[in-house]
Amino acid sequence: MSSLQIADVTGRNHKEVMRSIRTMEPAWVKVNGRSFALIDYTDARGRKKPCYQLTKTECLYIATKFNDEARARLVLRWEELENRQRMEQSR
């Protein structure tokens, strides 16, 4: 899930989500040994901007920084994505 998607699901500003990820990344690197995947996206004005592409585990780690409601939305979104993937694989 991208940091843009996290912002959308949690109702947070993407800039705030990016700040949270950057703040939490050093501890993640220390424990896990690797950084979060930083990618680019093109905004509505056609500019290249940075965002993160996170695994489920990374995403849930970042969610610990959010309030209870935002964290719950994120957990439910992951469940929805996993259920959809299971349904597609069973076809």
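Structural notes, computed from the coordinates.

What follows is about the overall build of the chain. Looking only at helices and strands, the chain has four helices and two strands in total. For the chain, the sequential pattern of α-helices and β-strands runs α-α-β-β-α-α. A principal-axis box enclosing the C-alpha atoms of the chain has dimensions of 40 × 35 × 25 Å. For the chain, buried positions account for 31% of its 91 residues. Accessible surface for the chain amounts to roughly 6100 Å². Of this, 49% is attributable to carbon and sulfur atoms.

So, about the nonpolar core. Ile6, Leu54, Phe66 and Leu74 are the most contacted members of the largest nonpolar core, which totals 19 residues. Elements supplying a minimum of two residues to this core: α1 (3-10), α2 (14-32), α3 (56-63) and α4 (68-89). The element best represented in this core is α2, accounting for five residues. When neighbours within four sequence positions are excluded, leucine 74 is seen to be in contact with Met1, Ile6, Val9, Thr10, Cys59, Ala63 and Phe66.

Moving on to the pattern of salt bridges. All told, the structure shown has eight salt bridges when counted by the stated rule. Glutamate 82 is paired through a salt bridge with lysine 56; the nearest N and O atoms lie 2.9 Å apart. In this pair, glutamate 82 is assigned in helix α4 and lysine 56 in helix α3, connecting sequence segments 26 residues apart. For lysine 56, a relative accessible area of 32% corresponds to the partly exposed category. Each of Arg77, Glu80 and Arg84 takes part in salt bridges that share partners, so that together they form one network.

Among the structural elements, glutamate 25 can be located in helix α2. No salt bridge is formed by the buried glutamate 25. Its closest oppositely charged neighbour is arginine 22, at 6.7 Å. Sequence-distant contacts of glutamate 25, defined by excluding residues within four places in its chain, comprise Ser35, Phe36 and Tyr52.

Here we take up the pairing of strand β1 (residues 37-42). Sheet topology places β1 next to strand β2 (residues 48-53); six bridges connect them, and they run antiparallel. Within the sheet, the bridge partner assigned to leucine 38 lies in β2 and is tyrosine 52. Between β1 and β2, which pair antiparallel one after the other, the connecting turn spans five residues, and glycine 46 there sits at a positive phi close to 85 degrees.

Analysis parameters
Residues numbered from 1 in each chain as written. Predicted model: local features only at pLDDT ≥ 70, side-chain atom pairs only at ≥ 80, totals over all residues. Heavy atoms only, no water. Helix = DSSP H or I, 4+ residues; strand = E, 2+ residues; numbered from the N terminus. Buried < 20%, exposed > 50% of the residue type's maximum accessible area, 1.4 Å probe, protein only. Areas by Shrake-Rupley, 256 points an atom, 1.4 Å probe, with all protein chains shown as cover. Core = buried A, V, L, I, M, F, W, Y, C linked by side-chain atoms within 4.5 Å. Contact = heavy atoms within 4.5 Å. Salt bridge = Lys/Arg side-chain N within 4 Å of Asp/Glu carboxyl O. Lys, Arg positive; Asp, Glu negative; His and termini not counted. Pairing = 2+ DSSP bridges.

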